[in-house]
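Topology and contacts: notes
In case you want the letters, here they are:
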Amino acid sequence: MQNDQGLHARPAALFVQLANRFSSNITVRKGRREASGKSIMGILTLAIGKGSQVEMICDGEDAEKACHALEKLLLKELE
Amino acid sequence: MLRGIPASPGIAIGKVLCLDSEEFTVPDRVIPKGEVKGEIQRFKKALGQTRKEILLIQNRITREMGRGHAEIFNAHLLVLEDTMLIDEVVAQVEKQRLPVENVFLKVIKKYINVFSKMDDEYLKERISDIDDVGKRVLRVLMGKERKTLQNLKEPMIIVSYDLSPSDTAMIQKGHVIGFATDIGGRTSHTAIMAKSLEIPAVVGLEDITKRTKNGDTVIVDGIKGLVFINPTEDIIKKYRVEKKRFEEFGRDLLKLKDLPSKTLDGHRIGIAANIELPEELPSCIAHGADGIGLYRSEYFYMNRSDLPTEEEQYHAYKLVAKQMAPHSVIIRTLDLGGDKFLSQLDIPHEMNPFLGWRAIRFCLARPDVFKIQLRAILRASVDGKLKIMYPLISGVEEVQQANKLLNELKEELRRKRIPFDEAIEVGAMIETPSAAMTCDLLAKEVKFFSIGTNDLIQYSLAIDRANERIAYLYAPTHPGVLRLIKQVIDAGHRSNIWVGMCGEMASEPSFALLLLGLGLDEFSMSAGSIPKVKHLIRSVKLSDAQKIAEHALTLPTAKEIEIYALAKVKELVPDLADVSYAEGLEKKVNE
């Protein structure tokens, strides 16, 4: 995570909103803990701050599309 | 001292229970297995409602402060839709069998705890967001169903912003001795329920919820519409005397209970009671009701998550029919919508619920629900004298369609050799201007009319009776309303059917005098009002009442008609006017 705020309230909300547009299961993993990418509480509980390293697993019919869109959001659109 | 609107006569002196300040004292009783599904449904419904609230705020903020400021509410909305949170609450409700408020509060607290331990200032700030959303949901959950009213340990005076039908449906008589609310009018739901339970009430006090706290001593004067907060010993003493006098006058009137409601010139007038719960029957009998003019059946459907079965309804109707026999009991078929909603029937939110999918409109669209009730009534009809009344009729077709369903059910019962009263009467409630204007046509389809004045007035004068700003326009004596009523009575009599009234209008002596003169055959009202109206009927001649009504119809304004009628009551029935209406009359004349 490179943006200043990490994946916190507003960015996290954008992430979860986008994730919910896909039918695939989306899991976000940080260290040994993971949470559903469609759950704001889950994402917030992971406490993803600036510099955190996260892994994202998309599984389902539109997994590829979901993965691209979410990656784009995380890397480029969030500042 | 606060001045409000007197909604139900009587005096109560006691301790305050503020409904709104108790919102986070969550109930912790173990719920029966059968209620788990309902709890979860209630939770999901509350989430939906909270979502609507937040969207409204978000729109306002976007408009006033710009999109950026409103964006944080997206996070609030996401909390509401959060699958992890919802699943956890649902799973815990199922596992622990605790009320959903209890579980929800624990889950929210758990998240707050997790966030507060995080080593991140920004995240710690998010605690307030979660707390905010959590409180909002709890408010919705607990504001709708204030379980506190069910388990009161000592008699209390309830102070609240307003009382919903679900609140009042849970009140146990004897535990609640008075009401005082911020909003509401004489015909608001709180007022009607308070009258029928004979609990003194003052409504429309504006900010009493801000001025009192739990445990304060208050006096509720439901005669004058006053509330005293922590009054001096002198005032309490004075009011104890006043309370005794009021109750003695009530007892004097009760002596009329076994005397016929007959005018001085010998005309017999029907006088019946409106009820919501079978528990009110003893009070109806004690007050001398000649029957039940309105049995509001929807209370049977409230505060539960499933629909009442035919058997349950059958037993309730049978009980009421038996207890009132040989007098008749008019069951109004399910009248939901407007301000009465049932969570188990998925009724969408409407912009204008009073003009929406309600009452007979709903029943005809959902024959599955309607037929269960009609069949239960038919089966119970052999145990007494039941009558069926359709609410919110706006034209002939609705009566014809409902009767068609009823006839099909009768045919089915005959086939199965299940007995029912073949002569059961069906009537139409006249509460829309279109029904009032087409009474001659409706009369061909039914055996009686019952005028529902609360709705008839609000529909014909185009006034929302819950809107405080225009409440002053809500006038039962408006010449337009009186003419409609006259037209309904005349059309009914021309077709040889009787006409009753089951609105609150029938219980005010001054209005009752006019209605008597217009030819109304049956007056139905909350049981507590029966003695005073009976006293009025027994104190006047029908021929005099006719002259009074005739003159009233020539007056141009609601106020002039009301003052005229009040003056006539004072002249003809001085003791009645002195005790309960002197104050009101003086106020009107002085205005």
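Residues numbered from 1 in each chain as written. Chains lettered and ligands numbered in written order. Predicted model: local features only at pLDDT ≥ 70, side-chain atom pairs only at ≥ 80, totals over all residues.

Some thoughts on the overall build of chain A
- Within chain A, the regular secondary structure consists of 3 helices and 3 strands.
- Taking the contacts inside chain A whose residues are at least 6 apart along the sequence as the reference set, 59% of them involve residues at least 24 apart. (Helix = DSSP H or I, 4+ residues; strand = E, 2+ residues; numbered from the N terminus. Contact = placed C-beta atoms within 7 Å.)

Looking at the sheet that holds strand S3 (residues 55-59) of chain A
Residues and elements named next belong to chain A.
- Taking strand neighbours across the sheet as the criterion, the 3 strands line up as S2-S1-S3 in an open arrangement whose pairing is antiparallel. What marks the edges here is a single partner per strand, and that holds for strand S2 (33-36) and S3. Averaged over all pairs of adjacent strands, the angle between their axes in this sheet comes to 20°, without regard to strand direction.
- Judged from the 4 bridges that link them, strand S1 (residues 25-30) and S2 form a sheet pairing that is antiparallel. Bridge pairing in S2 places Lys-30 opposite Arg-33. (Pairing = 2+ DSSP bridges. Axes fitted to C-alpha atoms, helices over the stretch in contact; angles between N-to-C directions.)

Section: helix H21 (residues 530-539) of chain B
- Among the 10 residues in H21(B), 7 count as buried, and that is most of the element.
- Taken together, the buried positions of H21(B) are occupied by B:Ile530, B:Pro531, B:Lys532, B:Val533, B:Lys534, B:Leu536 and B:Ile537. (Buried ≥ 20, exposed ≤ 12 C-beta atoms within 10 Å, placed from the backbone.)

Re helix H12 (residues 310-324) of chain B
Residues and elements named next belong to chain B.
- Taking 1.5 Å of rise per residue, 15 residues should cover 21 Å, and H12 covers 21 Å from first to last C-alpha, within 8% of that figure.
- Within H12 the residues assigned to the buried category are Gln-313, Tyr-314, Tyr-317, Val-320, Ala-321 and Met-324. The arc that holds the buried residues of H12, viewed along the axis, is 135°, so those residues lie on one side. Those residues of H12 that are exposed and angled more than 90 degrees off the buried face are Glu-311 and Lys-322. (Expected span 1.5 Å × (residues − 1). Arc of directions from axis to C-beta.)

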